[in-house]
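Here's the letter readout for the chains.
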Amino acid sequence: MPEYWDPEIETMPVEDLNKLQEEKLKQLVHYVYENSPFYRKKFDEHGVKPEDIQTLEDVRKLPFTVKQDLRDTYPTGMFCVSNSKLARFHASSGTTGKPIVVGYTQNDIDEWAESLARGFTSVGLGKNDILQVSYGYGLFTGGLGAHYGSEKLGATVLPTSSGNTERQLELMRDLDVTAIACTPSYFLYLIETARKEGISIRDDTKLKMGFFGAEPWSEELKKRIEDESGIKAIDIYGTSEMSGPLFTECSEQCGIHIWADKFLVEILDPETGEPVPDGEIGELVITTLAKEAFPLIRYRVRDLTRKLSEPCVCGRTHPRITRISGRSDDMIIVRGINVFPGQVESVLLNIPEVGNHFMIIVDRIGPLDSMKVQIEMQESAFSDKMSDMMALKRKVSSALKSVLNLAVEVELVEHGSLPRSEGKSKKVIDNRKI
Ligand code: DLL
C-alpha cells in the first residue's frame, strides 16, 4: 500500500488539480499586481492585466522573470510583504556579482517543509527514521530546508551540516542513521573516507537511502553510488528562488514529483520560449502558486528537463520532471561544439576502469579551443605497464569522441588527486573566462 502525506491532494484527479491551479493562478496575479511594484511595472510594460488571466493557458500571456530581475532588485525589491511579515532570509552565493536574497513568511516555510514531507513519505521515510542532514546550514537553503522537511515528517534530524567527514561517519554509525541528505559528490567523499577507515557503509551502518541533489548528477553516478554503498539514491530537486530543496522522486523512481497545488510547471524551448511536447527536453519555467513573500511568475530556471504529465504508478497525479540533464547556461562551447558536463560524466562513469572523480579543463591555445579531461582511475585499474595505461586513455578518448563529436585530451591522474567537495562540486575549469 503506498503511503501518502496528504492523500487527498496527492491523488487528486487531474481535472480537479487543473481547476485548483487555475484558481490559484488567478489569485496570484492579483496578489503580485497589488503587492509587488516590480510585477505591477512588468505587467504594465507587457500590456497584461490580472483580469486577462482566466484559464491555465493564459499563463502564457504573462512575462517571464529571469535571474537578472532578482539581481536588479537586490536585495528585497521583488518581495510582496513588509519586513514585519518575514520569518527568514536565505541567499545564494552568485558566482558573479551580488548574491540573490530570498525571503519567506512563516507560511512559506510551512509550505516548503510540507512539500518535502510529502516527498520523504513517498519514498517510505517515516517517524522511525533518522535523517542526517549534511547539506550546508546557513545562507544555503539545503541544510535548513531538509531539516524542516524532516521535522515536519516527524523523523529525527541529525543536523551535521557539511564537512568534518570522520565525525559524520562516526555519528552515522553510533546513532543508527537510516537516511542522509547531501550532494552526490559529498556522498562519494563519505564513501571514500569510510573505506579508508575500514568502514563499509553497506555492512557497518544502517543507512538505507540518500537524498542527493543541489548539483547535476547522472544515472551512471546514481548507479555507482548504489553499487558502492548499498543504499537507494533518491533525486531531490529545488532552487533557492523556488524556496530550496522541494521535490523528490517517489519509491517508483520514475521522475521527480512537482507539487502542482504549489507550483505550475512549464517546459519551454529555450530559444523560442514556446512549450515543447510532453516528454521532450526543454527549459524549466516555474510559477509559484502558494508563496507569499517572494512569489515568482514564469521564472526561467535554466535547468533542462522533461515533463511527464501521466499520473505515476504510485497513484500521485501531480506532474513529474525527469532528472535534470544540465543547465542551459552550463553548456560549454568548445570549437563550436556544445558540451554539457553531464554528458561527460555519463560517458566516463560507464567505463568500469574510470573512478568517480573527473575535471574538465577548457583552454584557448592560440586561436583554438582545447578541452582536457583529467580522470582518476579506479585503484584496481592501475597498472605498472605503460601500454595498459595508454590503452585506457585511448578507450576513454574514443568513448568521449563518439558522444561529444570532439577530440578530447585525456589525462589519467593519481587516485585522490582531484579536489573533493563538501557541497556543490566544481567539474569545469574554463581558463578562457579568466
Ligand atoms: O541547490 C537547492 C537544493 C538544496 C536542492 C539541496 C536540492 C538539495 P540553489 O543553490 O539555488 O538551490 O541551486 C539550484 O542547483 O537550478 C540546479 O541547476 C541545481 N540542482 C539542484 N538540485 C538538483 C538536482 C539548491 N537534483 C540549482 N539535479 C538548480 C540537478 C540540481 N541539478
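All figures in this text were calculated on a predicted structure; none of them were measured in a lab.

## What to know about the overall build of the chain
Then comes step 1: Per the secondary structure count, the chain includes 12 helices and 20 strands.
Then comes step 2: In summary, the chain has a C-alpha radius of gyration of 22 Å against a globular reference of 22 Å for 434 residues, a match within 12%.
Then comes step 3: Across its three principal directions, the C-alpha atoms of the chain cover 75 × 55 × 40 Å.
Then comes step 4: Taken over 434 residues, the chain has a buried fraction of 54%.
Then comes step 5: The long-range fraction of contacts in the chain, counting pairs at least 24 apart against all pairs at least 6 apart in sequence, stands at 66%.
Then comes step 6: Accessible area of the chain: about 19,100 Å², with a carbon and sulfur share of 50%.
Then comes step 7: Of the side chains in the chain, 53 bear a positive and 67 a negative charge, and the two mean positions are spaced by 3 Å.

## Some words on the UniProt feature "domain: AMP-dependent ligase C-terminal" (unreviewed entry) in the chain
Then comes step 1: As annotated by UniProt and renumbered to match this structure, "domain: AMP-dependent ligase C-terminal" (unreviewed entry) occupies residues 336–432.
Then comes step 2: Secondary structure over residues 336–432 splits into 29% helix and 34% strand, and the C-alpha atoms at its two ends are 14 Å apart.

## Some points on the site of the ligand
Then comes step 1: For the ligand, the set of nearby residues contains 21 residues, the closest of which are D235, I236, S240, D303 and K424.
Then comes step 2: The contact in question runs from a nitrogen atom of the ligand to an N or O atom on the backbone of E215, over 3.4 Å.
Then comes step 3: With respect to the ligand, the backbone of I236 contributes an N or O atom lying 2.7 Å from a nitrogen atom.
Then comes step 4: When isolated, the ligand has an accessible area of 610 Å², and the protein chains bury 93% of it.
Then comes step 5: Secondary structure elements with two or more residues in the shell around the ligand: α6 (141–153), β7 (232–239) and β8 (244–248).
Then comes step 6: The leading source of residues in the shell around the ligand is β7, at 5 residues.
Then comes step 7: For the shell around the ligand, the residue count by class is 8 nonpolar, 7 polar and 6 charged.

## Looking at the side chain of H257
Then comes step 1: As for its position among the elements, H257 is in strand β9 (residues 256–257).
Then comes step 2: Excluding its chain neighbours within four sequence positions, the residues that come into contact with H257 are F247, T248, C250, C312, C314, R316, H318, P319 and R320.

## Overview of the sheet that holds β8
One key point about sheets: their strands pair by backbone hydrogen bonds, in either a parallel or an antiparallel sense.
Then comes step 1: A sheet is described by the order of its strands in space; here 6 strands give the open sequence β4-β3-β5-β6-β7-β8, paired in mixed fashion. If you trace the sheet from one side to the other, it starts and ends with β4 (156–158) and β8, each paired once. When strand polarity is set aside, the average angle formed by the axes of neighbouring strands in this sheet is 30°.
Then comes step 2: Across 4 bridges, the pairing between β7 and β8 is antiparallel. Each bridged residue has a counterpart across the sheet, and for G238 the counterpart in β8 is P245.

## Points about the pattern of salt bridges
Then comes step 1: Scanning the model with the defined rule gives 33 salt bridges in all.
Then comes step 2: Where K67 meets E241, a salt bridge forms, and the shortest distance between an N and an O atom there is 3.4 Å. Of this pair, K67 sits in helix α4 (residues 67–72) while E241 sits in the loop between β7 and β8, and the two are 174 residues apart along the sequence.
Then comes step 3: A residue is classified by how much of its surface remains accessible, and K67, at 30% relative accessible area, is partly exposed.

## Some details on the nonpolar core
Then comes step 1: If you look at the biggest cluster of nonpolar residues, it comprises 67 residues, and the most contacted ones within it are F43, F211, Y237, M242, F247 and L284.
Then comes step 2: Excluding residues within four positions of it along the chain, F43 makes contact with V29, V32, Y33, V48, L62, P63 and I297.
Then comes step 3: V334, V354, V362 and V408 belong to the second largest nonpolar core, which has 24 residues in total.

## A word on the pairing of strand β6 (residues 209–213)
Then comes step 1: The element β6 is largely enclosed, with a buried count of 5 among its 5 residues.
Then comes step 2: The alternating pattern of β6 places M209, F211 and G213 on one face and G210 and F212 on the opposite face, and all of these are buried.
Then comes step 3: Where strand β5 (residues 179–182) and β6 come together, 4 bridges link them in parallel fashion. Across the sheet, the residue bridging to I180 is G210, located in β6.
Then comes step 4: Summarising the sheet, β6 and β7 pair through 5 bridges and their orientation is parallel. For F211, the partnering residue across the bridge sits in β7 and is I234.
Then comes step 5: Tracing the backbone out of β6, into helix α10 (residues 219–229) and back to the parallel element β7 gives a crossover that is right-handed.

## What about helix α11 (residues 341–349)?
Then comes step 1: Within the span of α11, buried status applies to P341, V344, E345, V347, L348 and L349.
Then comes step 2: Buried residues along α11 sit against α10, β16 (337–339), β17 (354–365), β18 (368–377), α12 (386–404) and β20 (428–430).

## A closer look at the packing of α10 against α11
Then comes step 1: Relative orientation of the contacting elements α10 and α11 amounts to 45°, with a least axis distance of 8 Å. Judged on the interaxial angle alone, α11 and α10 are oblique. Where α10 abuts α11, its residues E220, L221 and R224 lie against E345, S346, L348 and L349.
Then comes step 2: Its residues assigned to classes, the contact of α10 with α11 comprises 3 nonpolar, 1 polar and 3 charged.

## A closer look at the environment of D204
Then comes step 1: Relative to the helices and strands, D204 is located in helix α9 (residues 201–204).
Then comes step 2: Take D204: its relative accessible area is 33%, and that puts it in the partly exposed class.
Then comes step 3: For the pair D204 and A146, spaced 58 residues apart in sequence, the C-alpha separation works out to 25 Å.
Then comes step 4: Excluding its chain neighbours within four sequence positions, the residues that come into contact with D204 are R173, G198 and I199.

## Examining the packing of aromatic side chains
Then comes step 1: Tallied over the entire structure, the rule returns 12 aromatic pairs.
Then comes step 2: When the centroid spacing of 5.0 Å and the interplanar angle of 10° are considered together, the rings of Y104 and W112 count as stacked.
Then comes step 3: By relative accessible area, W112 is classed as buried at 3%.
Then comes step 4: Every member of this aromatic cluster is reached through a ring pair, and the members are Y33, F38, Y39 and F43.
Then comes step 5: The residue whose ring lies beneath R88 is Y148, and the NZ or CZ to ring-centre distance is 4.5 Å.
Then comes step 6: R300 extends its terminal NZ or CZ atom over the ring of F64, reaching a point 4.6 Å from the ring centre.

The rules we used
- Residues numbered from 1 in each chain as written.
- Predicted model: local features only at pLDDT ≥ 70, side-chain atom pairs only at ≥ 80, totals over all residues.
- Heavy atoms only, no water.
- Helix = DSSP H or I, 4+ residues; strand = E, 2+ residues; numbered from the N terminus.
- Rg over C-alpha atoms; globule rule 2.2 N^0.38 Å.
- Buried < 20%, exposed > 50% of the residue type's maximum accessible area, 1.4 Å probe, protein only.
- Contact = heavy atoms within 4.5 Å.
- Areas by Shrake-Rupley, 256 points an atom, 1.4 Å probe, with all protein chains shown as cover.
- Lys, Arg positive; Asp, Glu negative; His and termini not counted.
- Charge placed at Lys NZ, Arg CZ, Asp CG, Glu CD.
- UniProt positions renumbered as here; feature names shortened; annotations may be inferred.
- Near = heavy atom within 4 Å.
- Polar contact = N/O pair within 3.5 Å; in protein donor to acceptor, adjacent residues only side chain to side chain.
- Nonpolar A, V, L, I, M, F, W, Y, C, P; charged D, E, K, R; others polar.
- Pairing = 2+ DSSP bridges.
- Axes fitted to C-alpha atoms, helices over the stretch in contact; angles between N-to-C directions.
- Salt bridge = Lys/Arg side-chain N within 4 Å of Asp/Glu carboxyl O.
- Core = buried A, V, L, I, M, F, W, Y, C linked by side-chain atoms within 4.5 Å.
- Right-handed = clockwise from strand over helix to strand, strands pointing away.
- Parallel < 35°, antiparallel > 145°, perpendicular 65-115°, else oblique.
- Phe/Tyr/Trp six-rings, centres within 6.5 Å; stacked < 30°, edge-to-face > 60°.
- Lys NZ or Arg CZ within 6 Å of the ring centre and 35° of its normal.

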